[in-house]
Amino acid sequence: MGGKGSPLTYEKSLTIEICGSSGDRALAAGEILIKTLSDIGYHVISFDAYPAEIRGFGKTVAHMRAGREFMLSLSRKVDILISLSDRYAIEQLRNLNDEGVVLFDNRPNNVVYEDLPHDADQTEAHRLGPGVYTEKEGWKTPTKDDVSIAGHLGPGMYLYGIPLYQLSQKTTNESRSRNIVVLGAVAALFNVPEKEFINNLTAKLGKKDKSIESIIAAFEEGRRYVIENIVKLDPYSFEKLSVDRKSYRLMDGNKAVAQAAIDMGCKLYAGYPITPATKIMEILSDELPRHGGVVVQTEDEISAIGHVTGAGFAGVRAMTATSGPGFCLMTEFIGYNVMSENPIVVVDSQRGGPATGLPTKTEQSDLNHALFAGNGDTPRIVVAPTSAKECYQWTAEAFYLAEKYQTPVIVLMDLFLSLSVRNVSLDPIPDYKKGGNKFPTQEDMKLYLRQKITDDGVSPRALPGLENGYQAVSGLEQNEYGTPVYDELSHTRMTEKRFRKIQTALENDVPLPQRIGVSGRVKVGVISWGSTTGAVMDALDSILKQGKSVAMLKVIVINPLREKEIQAFFDDCEKVLVPELNYEGQFANWLSMHFQKKLYRYNKVAARPITHDEIEEEINRLLEE
Amino acid sequence: MDHYVKPEVYYPDEDIRQVREKGILQYRSERLPTWCPGCGYFGIETALTNALSSLGIMPKDLIIVSGIGCVGRYPFFVRGYGMHTLHGRALPVASGAKLARQELTVLALIGDGDGLGIGAGHLPHTIRRNPDITCVLFDNAIYGLTKGQTSPMTPQHQVTRSHPQGNPDPRMNPVLLALSYGATYVARGFAGAPDEMQNLYEEGIKHKGFSFIHIMSPCVTFDKVNYLYENLRKWVRPLPQGYDSGSLDRAFDVARGTEVFTGVIYNKPFL
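Residues numbered from 1 in each chain as written. Chains lettered and ligands numbered in written order. Predicted model: local features only at pLDDT ≥ 70, side-chain atom pairs only at ≥ 80, totals over all residues.

As for the overall build of chain B
Helix and strand counts for chain B come out as nine helices and eight strands. In chain B, buried positions account for 50% of the 271 residues. Long-range contacts, defined here as pairs at least 24 residues apart, represent 65% of the contacts in chain B between residues at least 6 apart. (Helix = DSSP H or I, 4+ residues; strand = E, 2+ residues; numbered from the N terminus. Buried ≥ 20, exposed ≤ 12 C-beta atoms within 10 Å, placed from the backbone. Contact = placed C-beta atoms within 7 Å.)

Next comes the structure, spelled out in structure tokens:
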């Protein structure tokens, strides 16, 4: 192998895609690759795309970004495209960098297309050229599936052909190991240490596959082929970094949420399967029973939040997770829990909407619903973590806040946060956050009033099992005695009380929003929420290096808002940019309800996360305007 | 606090003292029931609190969950932990409470509109999951709290406020429904027979698993033709001597039959 690449010279990170048809096991290869890159010291983030409909074939793309520095978002352009199915990979070429690398199978004639229709249109086939040979059918007229990616590349791109099929057959006697062979080629081509690769291959496939030796042979064969036959021309390279990432774990947002529930002593999870939140239930179903908890798969989301409400009343921590359509069904119970002052945690992992919408695509369009869902005046706490790490931290915080302020807490994630895998190191939860209920004092017990009006708005809450803590909570308005009442004074004072405790939460438990970037007056300030904040942070990283006058404010608690600090930030900014992944600018609207500042909105409904380069372009545009 | 005057809907202190001393009604809260005079629910309340007394269940270990409707107000009149939840949603909430705290006694009180109409979807699945809760269906065959509309238990052709030309749809059969989905304890009672009801409640609460008790009760204000005390007294009869409540076939016969038998229709002991 000739040529010597300097490590990761291409800006600060590389984006890799492994593209295949469903049977090509592209995602498995991606999983092993990302784990290996994480093991050798890179920050990684991966976000796979797979067909929404369940069927035997379809485009599957393992998409990942790896870099030396901390990062929270994806890039728009791909640097390395690995094709396991040229038919689909050709479509991905439009995202490839002008100097990108393509790895492909250069003996595609031998690929057996088992899952493709053979009744291809003859005219179309004629247009595509002469016959091709497939092992199964012998010579046949080519179909559109027999095209090769080789002829579609731009002039500056690097193309490496590896006979994946032949090498796979040679080592494992089957074509299905092409994904392993290509990993060997990647290891050799981009200087990824093979030891970590083999460890991860064994860890991932060793249990399932009896023939782990032949798998490793396939990997070695791919590696050997590249070393012996390929002259490396591209500059990209991953070398082992000398940083310690022992405390880092690969996890997606769903795993982070489930882990937080376990660590916070959640005893009941009720849910109904819905993309992309289902995984939370699946993880907890496996793990919660070991921690003395229960998981119920209910008949619908109404029942799920009903179970959580009952458990919350009974005095245990309980949670449900869902996505937009399920969250709609839960609306009535959000109001109930506001009225009856019951602690519950609801995780809404947003997907494209409205209605069933785009079940497998990400969006940030449930903000209005999370903030306002419910009839009447229904104050609640809404938090929107911006990374997997914060999904952990803020789900834990949600349990604490719900219990302390006896109110529903909604954790807004999105499909991108839910499913993108990152390597994160979690901060431990302080012990005092594992409790939080305001139990009645002896003084309170002389005449126990569940709905007692207090200065901070939080009434003492007796739990079942306590003598004389008797109460009947209700969705009806009640007076301090717990009797349903409909008079002006009671309704006014009780409504005030329910809002007052959210203010108390703001003063005591909502952290100050973090300001990043240039201090003092700036030309452009960015404020965003949820996963888009990650893209803003990545964009700022590179913009600040160019010495531009830009700052951002990271807001995680959407309601209640830290108005004073946000106002101070706005006062510092000539222009305020609010990027978010929805059409109407829901967060910008929410800010407009609180502040007079003119906001520059940047909205997309792209069915994919906003990338850091897009934000960077937009900031630059505003700077030059 | 100072702005509040204790509302008039409370028992006089002297009454409460007497009630407490008698012991048996220690499950009464200090609030007076708001049901119409003569309502069948008074009988149900008395029988239920007597059953709790007789089983020695402490108020502190009791969670009563109700939905919306006249029955929904029940938790306000009972001393213990109560949840007056949303329309039709008593069963999921009760299941959640029981799963969270297995040591507590959890009752779910549903109405005919509440439990068989808006919340009917929860019934089969709660039965299927079989939590150890006791579900009492307060059936007065009418929507009482909204003043007399057709409920899923209103007989076909009966004239109601929402169907002045007569109810076009046939009524439901809650006992058959519960049996079909595999409930392991199914009973039927009549609000005018408190002793029998008390017995049904006691058996139901003791039963391990989901117990379903259908209670037929008159709405004296909005139903002048169907569930009247005199009609129900004529219709109901106890299960015949020697009835085997362990036989599912017999139970289905009772549920499908035209005669309205009361008693424990099916009771499959917990194995």
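Looking at the sheet that holds strand 1 (residues 13-21) of chain A
Residues and elements named next belong to chain A. Read from one edge of the open sheet, eight strands run 8-5-4-1-3-2-17-9, paired in mixed fashion. Sheet topology places strand 8 (158-162) and strand 9 (249-252) at the edges, where each strand pairs with a single neighbour. Across this sheet, the average inter-strand angle for adjacent strands is 20 degrees, counted without regard to direction. Note: strand 2 (residues 43-46) against strand 17 (residues 421-424), two bridges, orientation antiparallel. Paired with I45 across the strands is R422, a residue of strand 17. (Pairing = 2+ DSSP bridges. Axes fitted to C-alpha atoms, helices over the stretch in contact; angles between N-to-C directions.)

With respect to the nonpolar core
A:V182, A:V383, B:V65, B:A108 and B:V186 are the most contacted members of the largest nonpolar core, which totals 251 residues. Considering each element in turn, this core owes the most residues, eleven residues, to helix 13 (residues 388-405) of chain A. Those residues in contact with B:V186 that sit more than four places away from it in its chain are B:V175, B:A178, B:L179, B:F212, B:A251, B:I265 and B:Y266. (Core = buried A, V, L, I, M, F, W, Y, C linked by C-beta atoms within 7 Å.)

What about helix 3 (residues 90-100) of chain B?
Residue pairs spaced three or four apart in an α-helix point in one direction, given the helix's 3.6 residues per turn. With eleven of eleven residues buried, helix 3 of chain B is to be regarded as a mostly interior element. For helix 3 of chain B, the complete set of buried residues consists of B:A90, B:L91, B:P92, B:V93, B:A94, B:S95, B:G96, B:A97, B:K98, B:L99 and B:A100.

Some remarks on the sheet that holds strand 24 (residues 599-603) of chain A
Residues and elements named next belong to chain A. The strand order 19-21-20-23-24 describes an open sheet built from five strands, whose pairing is mixed. Looking along the sheet, the strands with just one partner apiece sit at the ends: strand 19 (514-517) and strand 24. Geometrically, the sheet is characterised by an average inter-axis angle of 25 degrees between neighbouring strands, direction not taken into account. Note: strand 23 (residues 573-580) against strand 24, five bridges, orientation parallel. Counted as the bridge partner of L577 is Y600 from strand 24. Set on the sheet, helix 20 (residues 612-624) makes contact with strand 20 (522-528), strand 21 (550-554), strand 23 and strand 24; between it and strand 23 the angle comes to about 155 degrees.

Some remarks on the interface of chain A and chain B
Every contact between the two is made by 40 residues of chain A and, on the other side, 35 residues of chain B. Going through the elements one at a time, strand 10 (268-271), strand 11 (294-297), helix 10 (301-314), helix 11 (324-339) and strand 18 (471-474) of chain A are the ones with two or more residues in the side of chain A that touches chain B. When residues in the side of chain A that touches chain B are grouped by element, the largest group, ten residues, is from helix 10 of chain A.

Let's talk about the pairing of strand 21 of chain A
Side-chain positions along a regular strand alternate between the two faces of the sheet. Residue and element names in this part refer to chain A. Of all five residues in strand 21, four are buried, a share of seventy percent or more. As judged from the four bridges shared by strand 19 and strand 21, these two strands associate in the antiparallel manner. Each residue of the ladder has a partner; that of Q514, found in strand 21, is K554. Pairing of strand 20 with strand 21 involves five bridges; the strand directions are parallel. Its bridge partner lying in strand 21, V526 is registered against M552. Taking the sense of rotation as the criterion, the β-α-β connection linking strand 20, helix 17 (residues 532-545) and strand 21 turns out right-handed. (Right-handed = clockwise from strand over helix to strand, strands pointing away.)

Quick word on the domain arrangement of chain A
Residue and element names in this part refer to chain A. Here chain A is partitioned into domain 1 (13-109 + 120-229), domain 2 (249-424), domain 3 (442-509) and domain 4 (514-624). Centre-to-centre, using C-alpha coordinates, domain 2 lies 26 Å away from domain 4. Those elements giving two or more residues to the side of domain 2 that touches domain 4 turn out to be strand 14 (358-362), helix 12 (367-372), strand 15 (381-383), helix 13, strand 16 (408-414) and helix 14 (415-419). For the side of domain 2 that touches domain 4, the per-class residue count stands at twelve nonpolar, seven polar and five charged. (Domains from an automatic or database assignment. Nonpolar A, V, L, I, M, F, W, Y, C, P; charged D, E, K, R; others polar.)

A word on helix 2 (residues 40-55) of chain B
All names here are of chain B. Look at helix 2: 23 Å from first C-alpha to last across 16 residues, which is about the 22 Å you get at 1.5 Å a residue. Here helix 2 has its buried residues at G40, Y41, I44, E45, A47, L48, T49, A51 and L52. G56 occupies a position one or two residues after helix 2 and carries a positive phi of about 70 degrees. (Expected span 1.5 Å × (residues − 1).)

Observations concerning the packing of helix 3 of chain B against helix 5 (residues 122-129) of chain B
All names here are of chain B. The N-to-C vectors of helix 3 and helix 5 enclose an angle of 25 degrees; their axes lie 9 Å apart at closest approach. By the angle between their axes, helix 3 is roughly parallel relative to helix 5. Of the two possible hands of crossing, helix 3 and helix 5 adopt the one that is left-handed. Counted together, L91, P92 and S95 of helix 3 and H122, L123, T126 and R129 of helix 5 form the full contact between these two elements. (Parallel < 35°, antiparallel > 145°, perpendicular 65-115°, else oblique. Left-handed = near helix turned anticlockwise from the far one by under 90°.)

Concerning the packing of helix 17 of chain A against helix 20 of chain A
Helix-helix packing is described using two parameters, namely the angle between the two axes and the distance between the axes. Residue and element names in this part refer to chain A. Contact geometry for helix 17 and helix 20: axes closest at 8 Å, N-to-C directions at 60 degrees. It follows from the interaxial angle that helix 17 and helix 20 lie oblique. Crossing geometry of helix 17 relative to helix 20 is assigned as right-handed. Along the contact surface, helix 17 presents A535, V536, D538, A539, S542 and I543, while helix 20 presents H612, I615, E616 and I619. When its residues are assigned to classes, the contact of helix 17 with helix 20 shows six nonpolar, two polar and two charged.

A few points about the environment of A:G517
Residues and elements named next belong to chain A. Summarising the element assignment, G517 is placed in strand 19. A sequence separation of 33 residues divides G517 from V550, and the C-alpha atoms of the two residues are 6.2 Å apart. If we ignore the near neighbours within four places in the chain, the residues touching G517 are V522, L540, L544, V550, A551 and M552.

Some details on the environment of A:I502
Note that A:I502 resides in helix 16 (residues 488-509). Sequence-wise, A:I502 and A:E397 are 105 residues apart; in three dimensions their C-alpha atoms are separated by 15 Å.

A look at the confidence of the model for chain B
All names here are of chain B. Per-residue pLDDT for chain B averages 90, and the proportion of residues at 70 or more is 90%. Mean pLDDT in chain B bottoms out at helix 1 (residues 13-22), which sits at 60, and peaks at helix 3, which reaches 98. Note on residues 1-7: pLDDT is under 50 here. Beyond four places in sequence and across chains, it has five contacts. Scoring the predicted complex yields pTM 0.92 and, for the interface, ipTM 0.93. (pLDDT = per-residue confidence, 0-100.)

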